[in-house]
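Overview (structure and organization)
Residue strings, one per chain:
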Amino acid sequence: IGNNDSNRKHLVEGFEQFIAVIDTADRAMRQEFQQICEREGARYLISPFETASTRGADASWMHGQCLDWMWHEVILQEFSEHLIFITEQDVFLLGAYSLRKTLDPTQSFSKNTGACPQCTISGVLQVRENEDSFPVEYLHPSAIVIDLKRISMPTGIYLSPANFNGSELDTGGSLAAYFQMAEEMALEEAENGRCLRVCHLQHRYAGPETCFFESKDQLGLPDIYDEVVLHTRRSSAWDIRMKHNNGEWDKVRELQNIHQRRMECIWETWEVALAMQ
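Here is what the cut-offs are and how they apply
Each chain has its residues counted from 1, running along the sequence as written. Only residues with pLDDT of at least 70 get local features here, since the model is predicted, and only at 80 or more are side-chain atom pairs given and counted; chain-wide, interface and lining totals rely on the full set of residues. Only hydrogens and water are removed before side-chain values are computed, so all heavy atoms of the structure are retained for them. In this text, buried Ala, Val, Leu, Ile, Met, Phe, Trp, Tyr and Cys residues form a nonpolar core when linked through side-chain atoms within 4.5 Å. Each residue is placed in one exposure class: buried if its accessible area under a 1.4 Å probe, protein chains only, is under 20% of its type's maximum, exposed if it is over 50%, and partly exposed if it falls in between. In DSSP terms, a helix is any run of H or I states spanning at least four residues, a strand is any run of E spanning at least two, and both are numbered starting from the N terminus. Side-chain rings of Phe, Tyr and Trp (the six-membered ring for Trp) are treated as a pair once their centres are within 6.5 Å; stacked means planes under 30 degrees apart, edge-to-face means over 60, and tilted covers the remaining angles. Using a grid of 1 Å spacing that covers the protein atoms alone, one calls a set of points a cavity when a 1.4 Å probe fits there but cannot get out, and a pocket when the set is open and has protein on both sides within 12 Å along at least five of seven lines; lining residues are those with an atom within 4 Å of a point. Grid points are joined across faces, edges and corners, and a volume is the space filled by probe spheres set on the points. In this count, Pro and Cys sit with the nonpolar residues alongside Ala, Val, Leu, Ile, Met, Phe, Trp and Tyr, while Asp, Glu, Lys and Arg are called charged and the others, Gly among them, polar. What pLDDT conveys is the predictor's confidence in a given residue, as a value from 0 to 100. Throughout, a residue-residue contact means that at least one pair of heavy atoms, one from each residue, lies within 4.5 Å. In short, DSSP must find at least two bridges between two strands for them to pair. Angular values range over 0 to 180 degrees, each being the angle between N-to-C directions of two axes fitted as lines to C-alpha atoms, with helices fitted over their stretch in contact.

**Observations concerning the nonpolar core**
Grouped together as the largest cluster of nonpolar side chains are 32 residues, with contacts concentrated most on W71, L175 and Y178. Mapped by element, the contributors of at least two residues to this core are α3 (58-78), β3 (83-87), β7 (135-147), α5 (175-184) and β10 (196-200). Ranked by residue count, the leading element in this core is α3, at seven residues. Counting residues in hydrophobic clusters, the runner-up holds 15 residues, among them L93, C199, L201 and Y225.

**Some thoughts on the packing of aromatic side chains**
Tallied over the full model, the rule gives two aromatic pairs. On the numbers, 6.3 Å between centres and 55° between planes, the contact of F15 with F18 is tilted. In this structure F15 comes out as partly exposed when scored by relative accessible area, which is 27%. Where Y178 meets F179, the ring centres are 5.8 Å apart and the plane angle is 55°; that geometry is what we call tilted. Look at F179 and you get buried, because its relative accessible area is 10%.

**A short note on the layout of surface pockets**
As a volume, the second largest pocket reaches approximately 290 Å³. Lining the second largest pocket are 18 residues, with K111, E137, A176, F179 and E183 sitting closest to its centre. The dominant element in the lining of the second largest pocket, judged by the number of residues it contributes, is β7, at five residues. Taken together, the residues that form the lining of the second largest pocket break down as eleven nonpolar, four polar and three charged.

**Here we look at the confidence of the model for the chain**
In this model, the chain carries an average pLDDT of 81, and 77% of its residues clear a pLDDT of 70 or more. Across the chain, β3 holds the top mean pLDDT of 95, while helix α7 (residues 238-245) sits lowest at 61. The model gives residues 53-57 a pLDDT under 50, and that stretch makes nine contacts with residues more than four places away or in other chains. Ignoring residues within four places in sequence, the model shows residues 212-218, a span with pLDDT below 50, making twelve contacts including any to other chains.

**Examining the pairing of β7**
A large share of β7 lies buried, amounting to eleven of its 13 residues. Alignment of β3 against β7, held across five bridges, turns out to be antiparallel. Counted as the bridge partner of L83 is D147 from β7. Bridge analysis of strand β6 (residues 121-129) against β7 gives eight bridges, and the strand direction is antiparallel. When the bridges of β7 are listed, I121 appears paired with I146. Hairpin connection, β6 to β7: the antiparallel pair is bridged by five residues, and S133 has positive phi, about 65°.

**What about the sheet that holds strand β11 (residues 203-205)?**
Whenever strands of a sheet pair, they do so through backbone hydrogen bonds, lying parallel or antiparallel. Strands sit in the order β4-β13-β12-β11 across an open sheet of four strands; the sheet is antiparallel. Bordering the open sheet on either side are β4 (91-93) and β11, each of which pairs with just one other strand. Adjacent strand axes in the sheet meet at a mean angle of 25°, parallel and antiparallel pairs treated alike. The pairing of strand β12 (residues 223-225) with strand β13 (residues 229-231) spans three bridges and is classified as antiparallel. Each bridged residue has a counterpart across the sheet, and for D223 the counterpart in β13 is H231.

Below you can see the structure in the form of structure tokens.
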């Protein structure tokens, strides 16, 4: 419940309700998380998915199906007029943070579709290129803010991984298809008072220089969004399992080394973060 504590302490607007979604397939671990939520007075929901996905990137697919269930069965049903903040268990606020400010297009780069004075969704931009070098954009759900009262076609939002235009996309990848659909329906949605404008959170990698790899690859470092949001990136190693299933043994060893460095960097970053509290 660490991110519940940091949200209560640092969110400028406060929040009406914090909901923890427990999606581990381990029943004993579910009971442990349930007891923690009850002790902390936090509302919790148990994911209906009992077993891990059989897909190669099973952690991402489990994550994605849980997010889609939460979005369509809970959020759209109970909070259709609200400002929604979707985050993960390894994301923590280090200082005062305004969700409304993340939707201000003057504060960050934004892509406008239709007559949208303010952004209706903000998050961390992800870009993947397909075999034709065509860039595909989506947002990773480590920190996404959505204005449900104004955003176009909220029932068309999905957050699962996806293969879109020839690109394999991680969790949040289904937003690429949603963005395209919302652009095509922009005029019709404008008549309903809804629109799509996407803001991108500022992003940099955190950690001391010793955490950088010889190739200057920063893949393993924790993230800092808007200089306030810490994403420790406690990896599920889904990428290692994907390469293992494909028989790419050199890549498996390379990624294992990266993940080891990532965990070392996480601990060093945590020492800095705790000192800031």
